[in-house]
Amino acid sequence: LRKRARWALEEVPELSGHIRALELKVEQTLERLEALEALEPATRIHGDYHLGQVLHEVADPEAGEGRWFVLDFEGEPLRPLAERSRADQPLRDVAGMLRSFDYAAAVGGVADRGWLDAVRAAYLSAYEESSPERDGTGRRVATTLLAALELDKALYEAVYEARNRPDWLEIPLRGLQRLLNGPAPT
């Protein structure tokens, strides 16, 4: 994560200019992660999980029944292939989906500032309901890891947008601002 953070900071000079003390805040997030005793076992993950990778087919609109399809298991395009196929933390995919809500809000022109918070909270609540029970320590570990992985994803997005869609660079910049200036995980 440190290596990827340095890569992003070198690739996108706008990062440091937009977020005060960015490098220090990134380091503090990674130090909280390092302080954890252990993480959940790594496993095969999607690697680039976001709203654009899921489709919902509604078979019976009145019943709301249907099937979900998850697409494109190739991982993040800027990561080397060997890295994309390595086992990783399942929360990386959760972080990817959370980050995609920022894109949905920006591209969809969401005016209600509470929308993003509500969508994130609903997604996290549904994820927690479907996850194995965690005690207080497990929740703290998950919260700390998720914060670090979401930060990692937003930094990756900044590089991707700077290279491919400079007009969209503001989306990960706003996300980084929110992630780094929000309350620190306890």
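Now for a description of the structure that goes with this document.

### Re a nonpolar patch on the surface
Stage number 1. Residues L55, F69 and L71 make up a contiguous nonpolar surface patch of roughly 240 Å² in combined accessible area.
Stage number 2. As for its placement among the helices and strands, F69 is situated in strand β2 (residues 65-70).

### Quick word on the packing of helix α3 (residues 22-34) against helix α7 (residues 136-164)
Stage number 1. Viewed as axis vectors pointing N to C, α3 and α7 meet at an angle of 140 degrees, and their least axial separation amounts to 9 Å. Between α3 and α7 the crossing geometry is left-handed. For the pair α3 and α7, the contacting residues are V26, T29, R32 and L33 in the first and T144, L145, A147, A148, L151 and L155 in the second.
Stage number 2. Taken together, the residues of the contact of α3 with α7 break down into 7 nonpolar, 2 polar and 1 charged.

### As for the nonpolar core
Nonpolar side chains in soluble globular proteins tend to end up buried together.
Stage number 1. Counting 18 residues, the largest nonpolar core has V12, L15, L22, V26, L151, L155 and L176 as the members making the most contacts within it.
Stage number 2. For this core, the elements supplying multiple residues, two or more each, are α1 (2-11), α3, α7 and α8 (170-181).
Stage number 3. Broken down by element, the residue count for this core peaks at 5 residues, all from α7.
Stage number 4. The residues touching V12, leaving out its near neighbours within four places in the chain, are A158, V159, A162 and L169.
Stage number 5. Membership of the second largest hydrophobic core comes to 17 residues, among which are L33, V54, A142 and L149.

### Here's the deal with the side chain of R79
Stage number 1. One can find R79 in the loop between β2 and α4 (81-84).
Stage number 2. Within the local environment of R79, its side chain forms a polar contact with the side chain of E83, the two groups lying 2.8 Å apart.

So, how was this worked out
Residues numbered from 1 in each chain as written. Predicted model: local features only at pLDDT ≥ 70, side-chain atom pairs only at ≥ 80, totals over all residues. Heavy atoms only, no water. Patch = residues over 30% accessible without salt bridge, like charges linked within 9 Å, V, L, I, M, F, W, Y side chains within 5 Å. Areas by Shrake-Rupley, 256 points an atom, 1.4 Å probe, with all protein chains shown as cover. Salt bridge = Lys/Arg side-chain N within 4 Å of Asp/Glu carboxyl O. Helix = DSSP H or I, 4+ residues; strand = E, 2+ residues; numbered from the N terminus. Axes fitted to C-alpha atoms, helices over the stretch in contact; angles between N-to-C directions. Left-handed = near helix turned anticlockwise from the far one by under 90°. Contact = heavy atoms within 4.5 Å. Nonpolar A, V, L, I, M, F, W, Y, C, P; charged D, E, K, R; others polar. Core = buried A, V, L, I, M, F, W, Y, C linked by side-chain atoms within 4.5 Å. Buried < 20%, exposed > 50% of the residue type's maximum accessible area, 1.4 Å probe, protein only. Polar contact = N/O pair within 3.5 Å; in protein donor to acceptor, adjacent residues only side chain to side chain.

Worth remembering: the numbers are spatial, not functional.
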